[in-house]
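Read off the chains here:
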Amino acid sequence: MQRRTLIRTALASSMAAGLPVVFAQSSNNWPTGKAITYLVPFPAGGTTDVLGRLIAQKLGPVLGTSVIIDNKGGAGGSVGSEVGARAAPDGFTLVGGTISSHAINVSLYPKIGYDPIKSFAPVTLIGTNPVVLVVSQASPYKTLKDIIAASKAKPGGLSSASAGTGTSQHLALELLAFKSGVKFTHIPYKGSGPAIQDAIGGQVDMMFDTTVVAGPHIQCGKLRAIAVTSSKRLAAMPDVATVAESGVPGLQDFEVVSWQAIFGPAGTPAPVVDKLHTEIRKILATPEMQDKLKGFGMEPTDLSTTQIAAFQKNEVDKWAQVIKAAGIKAD
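In this text the structure is predicted, and so the values were computed from the model without any measurement.

S.K.: Can you lay out the overall build of the chain for me, pointing to particular residues and giving the numbers?
M.R.: Secondary structure assignment for the chain yields eleven helices and eleven strands. In the chain, buried positions account for 54% of the 331 residues. In the chain, the share of contacts with a sequence separation of at least 24, taken over all contacts with a separation of at least 6, comes to 79%. Total accessible area on the chain stands at roughly 14,100 Å², and carbon and sulfur atoms take up 55% of it.

So, in structure tokens, the structure goes:
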């Protein structure tokens, strides 16, 4: 019992500090026993990091090797994704891909060191989830109408944190500004972890973030949920209205859905991709993981690798249109 407690304590400490975590074990050889590097292109504490660690805990024992979480944040996920794109296509490098790193950034930045489609092989679409607009529990704002009115009255508008330029959090803000005609001041951070802490502390007025990251802080009373960006209310947050329900003119069709996926470098052999896809799908299909995903406000998915590729292409095209129409530029 003491040993298990020490292990849990050590794991929690290393995750909080953003240190690499190694999940090992077991008997099934994968192909050579070489460790798998799971690149998370954001700092520890964000959605991609949380999901990566949950999956790595289960994947290591299944494949009989170690899965090392390696956080490489920066440029809305582009820095770590470029590292993944240049890795050997042998199945020993996985990349935690997101709507930003694998759909948005190619239209947002003048140049990134990879093609979100051509440089990668889709492995798994973990799930989709809306983002939620939150403020500090001490904030005077209770509704989206409050926020719109306050931002209109403040030079430059209210400040809003994000996990970085071009992330779903940022684009949700820009879409809100574009559709409502109200200005906001975007404050980009290098990941959700530090951004959410400043939202809690009131250093920024508000923040859009995924339900994975914001949910626990809402539940414990540190953050107040203002609205979710899905077309329907979430089962996990039934009392939180959608942006479309806010009554603010121009927001009747407002919807932003983030997503999380796993990719390998382009050229990874099909049998290796298929093996990884199958084993990760099994992990995600367990009642434990399904409950965790739903608890985070995520909608689990079950797409084939071919379907993931088609979904990703549609996302790239969709956000290219939004970015152009809103005139969004990378900071």
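S.K.: Can you tell me about the packing of helix α4 (residues 100-108) against helix α11 (residues 305-326), naming the residues and giving the values?
M.R.: One way to put it is that α4 packs onto α11 with a least axis distance of 8 Å and a crossing angle of 35°. Our pair here, α4 against α11, has a crossing hand that is right-handed. Between α4, through His-102, Ala-103, Ile-104, Val-106, Ser-107 and Leu-108, and α11, the contact on the second element is made entirely by Gln-312, Glu-315, Val-316, Trp-319, Ala-320 and Ile-323. A class-by-class count of the residues in the contact of α4 with α11 yields eight nonpolar, three polar and one charged.

S.K.: Give a detailed account of the pattern of salt bridges, specifying residues and quantitative values.
M.R.: Counted according to the given criterion, the structure contains twelve salt bridges. Note that Asp-70 and Lys-72 form a salt bridge whose closest N and O atoms lie 3.7 Å from each other. In this structure Asp-70 comes out as partly exposed when scored by relative accessible area, which is 22%. A relative accessible area of 31% places Lys-72 in the partly exposed class. One salt-bridge network, in which partners are shared between bridges, spans Lys-275, Glu-279 and Lys-282.

How each quantity is defined
- Residues numbered from 1 in each chain as written.
- Predicted model: local features only at pLDDT ≥ 70, side-chain atom pairs only at ≥ 80, totals over all residues.
- Heavy atoms only, no water.
- Helix = DSSP H or I, 4+ residues; strand = E, 2+ residues; numbered from the N terminus.
- Buried < 20%, exposed > 50% of the residue type's maximum accessible area, 1.4 Å probe, protein only.
- Contact = heavy atoms within 4.5 Å.
- Areas by Shrake-Rupley, 256 points an atom, 1.4 Å probe, with all protein chains shown as cover.
- Axes fitted to C-alpha atoms, helices over the stretch in contact; angles between N-to-C directions.
- Left-handed = near helix turned anticlockwise from the far one by under 90°.
- Nonpolar A, V, L, I, M, F, W, Y, C, P; charged D, E, K, R; others polar.
- Salt bridge = Lys/Arg side-chain N within 4 Å of Asp/Glu carboxyl O.

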